[in-house]
4 protein chains.
Amino acid sequence: MITVLKRNATEEQRNNLIKWLEDQGVSVHVSVGESVTILGLVGDTSNIDMDMLKLLDIVDDVKRISESYKKSNRKFHPEDTIIEVPSKASSDGVTKIGGGHFSVIAGPCSVESEEQIVEVAKRVKAAGASMLRGGAFKPRTSPYAFQGMRAEGLELLSIAKKETGLPIVSEIMNENHLELFEDVDIIQVGARNMQNFELLKALGHVDKPILLKRGLANTLEELLMSAEYIMAGGNENVILCERGIRTFEHRTRNTLDLSAIPALHEMTHLPVIVDPSHSTGRADYVKPMAMAAVACGADGLMIEVHNNPACALCDGAQSLTPDQFDDVMDKVGKMRDIL
Amino acid sequence: MITVLKRNATEEQRNNLIKWLEDQGVSVHVSVGESVTILGLVGDTSNIDMDMLKLLDIVDDVKRISESYKKSNRKFHPEDTIIEVPSKASSDGVTKIGGGHFSVIAGPCSVESEEQIVEVAKRVKAAGASMLRGGAFKPRTSPYAFQGMRAEGLELLSIAKKETGLPIVSEIMNENHLELFEDVDIIQVGARNMQNFELLKALGHVDKPILLKRGLANTLEELLMSAEYIMAGGNENVILCERGIRTFEHRTRNTLDLSAIPALHEMTHLPVIVDPSHSTGRADYVKPMAMAAVACGADGLMIEVHNNPACALCDGAQSLTPDQFDDVMDKVGKMRDIL
Amino acid sequence: MITVLKRNATEEQRNNLIKWLEDQGVSVHVSVGESVTILGLVGDTSNIDMDMLKLLDIVDDVKRISESYKKSNRKFHPEDTIIEVPSKASSDGVTKIGGGHFSVIAGPCSVESEEQIVEVAKRVKAAGASMLRGGAFKPRTSPYAFQGMRAEGLELLSIAKKETGLPIVSEIMNENHLELFEDVDIIQVGARNMQNFELLKALGHVDKPILLKRGLANTLEELLMSAEYIMAGGNENVILCERGIRTFEHRTRNTLDLSAIPALHEMTHLPVIVDPSHSTGRADYVKPMAMAAVACGADGLMIEVHNNPACALCDGAQSLTPDQFDDVMDKVGKMRDIL
Amino acid sequence: MITVLKRNATEEQRNNLIKWLEDQGVSVHVSVGESVTILGLVGDTSNIDMDMLKLLDIVDDVKRISESYKKSNRKFHPEDTIIEVPSKASSDGVTKIGGGHFSVIAGPCSVESEEQIVEVAKRVKAAGASMLRGGAFKPRTSPYAFQGMRAEGLELLSIAKKETGLPIVSEIMNENHLELFEDVDIIQVGARNMQNFELLKALGHVDKPILLKRGLANTLEELLMSAEYIMAGGNENVILCERGIRTFEHRTRNTLDLSAIPALHEMTHLPVIVDPSHSTGRADYVKPMAMAAVACGADGLMIEVHNNPACALCDGAQSLTPDQFDDVMDKVGKMRDIL
């Protein structure tokens, strides 16, 4: 941590501050310049309150040097984390994400009926997806919109899992629902709940991988701090998901931030996947953005597929048909071959 | 709702679409132009899925005309809502916000000790605040940061309430904690939980006013949709709070959007208050921004006051001292007089 | 400037870097910590390329400590700059902005006719405005939209100046037009040209105050760097203008960033005014935002007034009628009295 | 254009408005609903001022249906525009961009010396680049930073063109410099000048392709409106360039908006290229983002290459070495093969 003193700080004030800082257990290195004096704080600075320091009359600025995320930080864990999910659809009984293992999660935005989810599951499996997604609890902006089939939706997902062997992924909105998620293989935290810290804490004690979506207006560092909430509780199996951020541009629903892929791979050892469906909000942009995500190193994709997009109860305009999904998987496969 | 058809739509396609729309219970008015044909959908269009319509081959664009917020909409409820909070500190036993009633909520970011909260309560009451705020459950970006005194903090707030008569305001992060909030007069929903819909639904069944803060990246319409979640459950006592949005500018923590005040007053009948402390993140900007908020019509203010800002466990840099708060209240009072 | 070295930097690498830095004329203070080594660069670091330093294998991060704006920086020029504009409408022959002198610039978005501009000039003068604005060269998003009366518009402004004595303010889009601006008292640089550096350089050699509007997506520091371009050329009479930034919120045309007022007053000695008309894009929000701007310390206002808003050739929806402007000036005057 | 009337509009007011609109030459189709009346304006609505309409007491909202860009609009020009640049380095004497022709423009941020630019030119040509870029006039945020070699830089580019046959691309900042650009093959307009309309108008009369970079905070529609300024003057050879937008995320310099590629391909027939160097600001992210751009359909790339990045006078941290560029071109080539 760096503390920059104002020009008018007296020597006595400076010495008092240094003494106080040393009492907090950090060592202080002083650099006196013509126009500025800098204190370099070295050691464990986690007890030093930056905001409080900034308040002091003689302090001009305080800057943190080292990252505040620890367990997810690649500096302290250089190897890629590989997350394993038991899968009856896989020859070796397991599906892997991260560390070179690529995985596609596909399925409808909302579970609507047994027939729908089972049919979609079969189609996406045939196309090469390794997991099935389906929303049972749906976070909707409007209280008057369809809120998902809830518990019943999770039961239908289990049926589709039995029929196809595909592990299932579904979003949780409340830790009180955790017992309903027993058969769910990966629990998803949606963008709007990325900083629902009570939920994150609860998921830190769960023995399942968590798929954590980046919030609409959250930085990559905040995404890692939220992963840190889960990991600090003991659950280190976190998959990060870039799904678009909110900007001034309104041609697409959100702005897919693909630079986040190389950036996150540099910052953290956790796997990173991309959701081209929610980010663009348009079925015709899903294929190009899926391919771009693969090209820049994503560890997986999350794609909405619906057997009848024009009738989907929500988010229809961004879902692919199974035929369109076949085409995406074909192109993605070819691209993976050359990478 | 307006549906714009593509130039190449055949008459048969058009008639099929019109028939389908009429089957959904809306009447359709057709405007045929040289380069475009427009369908005006009139009646109850809430069952029409805009996204699905956009997907159709012959549809170029779909635009919604009327707002999706109903209970909070000023069009259907032209008079200002006035929210009443029982108060032993008030001569008539009640504090009011909205409809010309101005109210200041002040107190520390976090409750730290009985001595602290009681002293601050006395000081802000003396300065003219009508309610006491204090954080017991704290949403912090980092799991390693101080998380608040939780249940104990709420008990200390109750003590301060007894000592001063001031109604108390505190943030809830989880509906499971609701029973701990029995003595709290206004329950606050923080910016990060503005779209925690499960929490909002639970608060719709509570018999206390809810102070709903705007999310960092949420539009005013989304803020009203979240108010709508609470109101749809039966609790129509919602106070809206502008507290800064996330932009590219980093001189201030967030960008306080004061245009939101006249805009919200136009859109809704609910009272709107402003938090100049969290939005700017700097004690020295609180006074000018508080005055600006009053000048443009805010129904109240929420201000952080701490008896020893330099030692606050969190957010110290943005808290005022009681003396600084006295000065703000003095200037705010003078400004209220001329408005 | 602070340079943070990577953990794996050898002593030899470190010494080589320090030697190189010292060769550039700065002194280097070294702080060795357990997990990080910090080099504090003190002296004139303007020749050190931060980006290049960051590129070095052993460097983890580089942070600048001192601001890059010099002439506009309040640290080196603590007193407020007061800008004087000759004015025949003023009893002492001069209008002042800054350092406690408050000034309102009002007039139509575009000059349309002699009758229009003279009538508006008379009305805004009567209401208390101290300068007249009017667009002659108009930057329009569309090449098919009205581009202003150009040279003829400037001539009409001169006529209005003769009739009322009010100094005139008009926007320049190209330094080749400078000779047409001889009778203009303050030359305005619009938001879209805030980083048109060739234009700024040319205005550095002009002997008139420059009104520099903040760009739609520019930080306050960038605004000061653009002022710096003008001041570096010798023209130190720069007035800054906050006119809204681009965010995700679309209820208002832009988001008026009023925190910029106290922030700029802290960063710079230059006067700061606010344009509530362009920022909100709506006549009915102009009054509340004008009052808010005054309340938080703006040195002046720039307000659009049109004698027949419903027929304005551009930006009509945001213009006030002269009667509405009378009302704003009345309220602003009362507020100035208590400040 | 759609005009939505307020509920309280009387029949007389409505008829007056309709008559006035018809006088402007548009036909009006009326849809009367329970809660809203809609006027559909059909025909040439370019003379109708939306802002003025919105101002009327009885009008609730006005929405434009058809796009305001014409010459760049794919609807009126379905085939891809292919831009041809004479090239002595190409076997058929010409380099093409657009309509399936892929082109890489590479070179240093700034021209620094004959030796540098000639060496880089040879290396990027050998790697497969089809054009050479080099900055002579440099837009820098600070007036104290290196501003480019200006006219001399253009002369050095010409030497490199003679040596290698590669067409050259360089940025213009002022139409007064146009005669210096005679030997330049493609004139670049930088992000900060995207809405420097006087410059755009001047380039509309130039007989060379224009490379138009998207502004930091400009929408895709605004980008097309700026292209429209050039095209309206007669120069229809415009290449669009996505180079990152400004958001709250600061891990990368800007946020590269790759969804802009499929979006622009849908909106316009003009070629679209991507600059992964400026957008990310980091050499190590250039390769993944270049590959992603190719994967989602970019018609070309613009990449910074410097023979000694650690010594570049500006933007060093984002430049590739020639060896790194070889690697990027190799991977891009393989990816192009499978697309």
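Since we're looking at a predicted model, the values are computed, not measured.

**Student:** What is the right way to look at the overall build of chain A in this model?
**Tutor:** Check the secondary structure of chain A and you find 10 helices and 14 strands. Within chain A, the proportion of its 339 residues that are buried is 63%. Contacts in chain A between residues far apart in sequence, at least 24 positions, make up 66% of those at least 6 positions apart. A total accessible area of about 11800 Å² is found for chain A, and carbon and sulfur atoms account for 45% of it. If you average the places of the 36 positive and of the 49 negative side-chain charges in chain A, the two averages end up 3 Å apart.

**Student:** How should the relation of the copies chain C and chain B be read in this particular structure?
**Tutor:** Mapping between the two copies of the chain is achieved by a rotation about an axis and a shift along the axis. For the pair chain C and chain B, the best superposition has an RMSD of 0.0 Å and corresponds to a rotation of 180° with a translation of 0.0 Å parallel to the axis. The symmetry that links the two subunits is that of a two-fold axis. In terms of C-alpha distance to the rotation axis, chain C has Ala292(C) as its closest residue, with the C-alpha 2.0 Å off the axis. Residue by residue, 100% of the interface of chain C is reproduced at the interface of chain B, so both copies engage with the same surface.

**Student:** How should the environment of His101(D) be read in this particular structure?
**Tutor:** All names here are of chain D. You can see His101 is positioned in the loop between strand E6 (94–97) and strand E7 (103–107). Among the residues examined, His101 registers a relative accessible area of 31% and is labelled partly exposed. Placed 158 residues apart in sequence, His101 and Ser259 show a C-alpha to C-alpha distance of 20 Å. Look past the residues within four positions of His101 in its chain and what remains in contact with it is Ile82, Lys96 and Asp299.

**Student:** What exactly am I supposed to notice about the packing of aromatic side chains here?
**Tutor:** Centre distance and the angle of the planes are the two values used to describe a pair of aromatic rings. Residue and element names in this part refer to chain C. Tallied over the full model, the rule gives eight aromatic pairs over all chains. Geometrically, the ring pair formed by Phe137 and Phe181 is stacked, given 6.0 Å between the ring centres and 25° between the ring planes. Taken together, the residues span a long stretch of sequence, with Phe137 in the loop between strand E8 (131–133) and helix H4 (151–164) and Phe181 in the loop between strand E9 (168–172) and strand E10 (186–189) at a distance of 44 residues. Accessibility assignment for this pair places Phe137 and Phe181 in one class, buried. Ring geometry for Phe197 against Tyr229: centres 4.6 Å apart, planes inclined by 20°, an arrangement best described as stacked. Taken together, the positions of Phe197 in helix H5 (residues 197–203) and Tyr229 in helix H6 (residues 220–232) put the pair 32 residues apart, joining distant regions of the chain. Across the pair, Tyr229 and Phe197 agree in class, each one buried.

**Student:** How should I be thinking about the sheet that holds strand E13 (residues 272–274) of chain A in this particular structure?
**Tutor:** Paired through backbone hydrogen bonds, the strands of a sheet run either parallel or antiparallel to each other. Residue and element names in this part refer to chain A. Reading around the barrel, the eight strands line up as E7-E8-E9-E10-E11-E12-E13-E14 and close back on themselves, with parallel pairing between neighbours. Between one strand and the next, the sheet's axes are offset by a mean angle of 30°, whatever the strand orientation. In terms of strand pairing, strand E7 (residues 103–107) meets strand E8 (residues 131–133) through two bridges, oriented parallel. Each bridged residue has a counterpart across the sheet, and for Ala106 the counterpart in E8 is Leu132. Across the face of the sheet, helix H4 (residues 151–164) comes into contact with E8 and strand E9 (168–172) while running at roughly 165° to E9. Packing against the sheet, helix H7 (residues 260–267) makes contact with strand E12 (238–242) and E13, and its axis sits at approximately 165° to E13.

**Student:** Can you walk me through the interface of chain C and chain B in this structure?
**Tutor:** Facing the 37 residues of chain C at the interface are 37 residues of chain B. In total, about 2900 Å² of surface goes out of reach between chain C and chain B, with carbon and sulfur atoms giving 69% of it. The tally of links from chain C across to chain B stands at six salt bridges. Two residues, Glu266(C) and Arg282(B), come together in a salt bridge whose shortest N-O distance is 2.8 Å. Along the contact surface separating chain C from chain B lie 10 residue pairs in polar contact (both at pLDDT 80 or more). Listing elements by their share of the side of chain C that touches chain B, those giving two or more residues are helix H7 (260–267), helix H9 (283–295) and helix H10 (322–338) of chain C.

**Student:** Explanation requested: the sheet that holds strand E10 (residues 186–189) of chain B in the structure shown.
**Tutor:** All names here are of chain B. Reading around the barrel, the eight strands line up as E7-E8-E9-E10-E11-E12-E13-E14 and close back on themselves, with parallel pairing between neighbours. Going across the sheet, the axis of each strand differs from the next one's by a mean of 30°, ignoring polarity. Contacts from helix H9 (residues 283–295) reach strand E13 (272–274) and strand E14 (300–304), with the element oriented near 170° to E14.

**Student:** When you look at the environment of Val32(C) in this model, what are you seeing that I'm missing?
**Tutor:** Tracing the backbone shows Val32(C) in strand E2 (residues 27–32). It is 51 Å that separates the C-alpha atoms of Val32(C) and Gln188(C), two residues lying 156 residues apart in sequence. Not counting residues within four places of it along the chain, the set of residues in contact with Val32(C) comprises His29(A), Val42(A), Arg14(C) and Thr37(C).

**Student:** Teacher, can you tell me more about the state of the cysteines here?
**Tutor:** Working definition: the covalent bond between the sulfur atoms of two cysteines is a disulfide. Under the defined criterion, the tally for this structure stands at zero disulfides over all chains. Unpaired in this structure, Cys241(C) has its nearest cysteine sulfur neighbour in Cys296(C), at a distance of 13 Å. Since its relative accessible area comes to 0%, Cys241(C) is described here as buried. Here Cys296(D) stays unpaired: no disulfide links it, and the sulfur of Cys296(A), its closest cysteine neighbor, is 9.4 Å away.

**Student:** Explain helix H1 (residues 11–23) of chain D to me, please; I cannot follow it from the model alone.
**Tutor:** For an α-helix, 3.6 residues make a turn, and residues three or four places apart therefore share a direction. All names here are of chain D. Over its 13 residues, H1 extends 18 Å from the first C-alpha to the last, a length consistent with the 18 Å expected when each residue adds 1.5 Å. Looking only at H1, the buried set comprises Arg14, Leu17, Ile18 and Leu21. On an axial view of H1, the arc spanned by its buried residues comes to 100°, and they lie on one face. Away from its buried face by more than 90 degrees, H1 exposes Glu12 and Asp23. Looking at the residues trailing H1, positive phi occurs at Gly25, about 95°.

**Student:** I would appreciate a short explanation of the side chain of Thr81(C) in the present structure.
**Tutor:** As for its placement among the helices and strands, Thr81(C) is situated in the loop between strand E4 (59–63) and strand E5 (83–86). In this view, Thr81(C) contacts Ile97(C), Gly98(C), Gly99(C), His269(C), Leu270(C) and Pro271(C); residues no more than four positions away in its chain are not counted.

**Student:** I would appreciate a short explanation of the pattern of salt bridges in the present structure.
**Tutor:** Proximity of charged atoms lets side chains of opposite charge pair with each other. Scanning the model with the defined rule gives 78 salt bridges over all chains in all. The shortest N-O distance in the salt bridge between Asp275(A) and Lys213(A) comes to 2.7 Å. Of this pair, Asp275(A) sits in the loop between E13 and helix H8 (276–280) while Lys213(A) sits in strand E11 (residues 210–213), placing them 62 residues apart in sequence. This pair shows no difference in class: Asp275(A) is buried, exactly as Lys213(A) is. As a salt-bridge pair, Lys71(B) and Glu236(B) come within 3.7 Å of each other at their nearest N and O atoms. Linking Lys71(B) in the loop between strand E4 (59–63) and strand E5 (83–86) with Glu236(B) in the loop between helix H6 (220–232) and strand E12 (238–242), this pair joins segments that are 165 residues apart in sequence. Here Lys71(B) falls in the partly exposed class, since its relative accessible area comes to 35%. Among the residues examined, Glu236(B) registers a relative accessible area of 37% and is labelled partly exposed.

**Student:** I keep staring at the packing of helix H10 (residues 322–338) of chain A against helix H10 (residues 322–338) of chain D and nothing clicks. Help me out?
**Tutor:** Packed helices, taken two at a time, are described by their axes: the angle between them and the distance between them. The geometry of H10(A) relative to H10(D) is characterised by a closest axis approach of 10 Å and an angle of 150° between their N-to-C directions. As judged from the angle between their axes, H10(A) and H10(D) are roughly antiparallel. Once H10(A) is placed against H10(D), the crossing between them reads as right-handed. Residue-level contacts link Lys334(A), Met335(A) and Ile338(A) of H10(A) to Lys334(D), Met335(D) and Ile338(D) of H10(D). Each residue belonging to the contact of H10(A) with H10(D) can be placed in one class, and the counts come to four nonpolar, no polar and two charged.

**Student:** Mind showing me how you'd approach the environment of His278(B) here?
**Tutor:** Residue and element names in this part refer to chain B. As for its placement among the helices and strands, His278 is situated in helix H8 (residues 276–280). Expressed as a C-alpha distance, the spacing of His278 and Met225, which sit 53 residues apart in the sequence, is 23 Å. At a separation of 3.2 Å, a polar atom in the side chain of His278 contacts the side chain of Glu304.

**Student:** Please clarify how the packing of helix H6 (residues 220–232) of chain A against H7(A) should be interpreted in this entry.
**Tutor:** Residue and element names in this part refer to chain A. H7 packs onto H6 with a crossing angle of 50° between their chain directions and a minimal axis gap of 11 Å. One way to sum up the angle between H6 and H7 is to call them oblique. Crossing angle aside, the handedness with which H6 passes H7 is right-handed. Contacts between H6 and H7 involve Leu220, Glu221, Leu223 and Leu224 from the former and Ala260, Ala263, Leu264 and Met267 from the latter. Looking at the contact of H6 with H7 residue by residue, the classes come out as seven nonpolar, no polar and one charged.

**Student:** Teacher, can you tell me more about unusual backbone geometry here?
**Tutor:** When glycine is set aside, most residues are seen to have a negative phi, and most peptide bonds are trans. Residue and element names in this part refer to chain B. Phi angles above zero are rare outside glycine, and Arg150 is one such case at about 55°. Residue placement: Arg150 occurs in the loop between strand E8 (131–133) and helix H4 (151–164). Judged by its relative accessible area of 28%, Arg150 is partly exposed.

The rules we used
Residues numbered from 1 in each chain as written. Chains lettered and ligands numbered in written order. Predicted model: local features only at pLDDT ≥ 70, side-chain atom pairs only at ≥ 80, totals over all residues. Heavy atoms only, no water. Helix = DSSP H or I, 4+ residues; strand = E, 2+ residues; numbered from the N terminus. Buried < 20%, exposed > 50% of the residue type's maximum accessible area, 1.4 Å probe, protein only. Contact = heavy atoms within 4.5 Å. Areas by Shrake-Rupley, 256 points an atom, 1.4 Å probe, with all protein chains shown as cover. Lys, Arg positive; Asp, Glu negative; His and termini not counted. Charge placed at Lys NZ, Arg CZ, Asp CG, Glu CD. Least-squares fit on C-alpha atoms with pLDDT ≥ 70 in both. Phe/Tyr/Trp six-rings, centres within 6.5 Å; stacked < 30°, edge-to-face > 60°. Pairing = 2+ DSSP bridges. Axes fitted to C-alpha atoms, helices over the stretch in contact; angles between N-to-C directions. Buried area = accessible area lost by both parts, 1.4 Å probe. Salt bridge = Lys/Arg side-chain N within 4 Å of Asp/Glu carboxyl O. Polar contact = N/O pair within 3.5 Å; in protein donor to acceptor, adjacent residues only side chain to side chain. Disulfide = S-S within 2.5 Å. Expected span 1.5 Å × (residues − 1). Arc of directions from axis to C-beta. Parallel < 35°, antiparallel > 145°, perpendicular 65-115°, else oblique. Left-handed = near helix turned anticlockwise from the far one by under 90°. Nonpolar A, V, L, I, M, F, W, Y, C, P; charged D, E, K, R; others polar.

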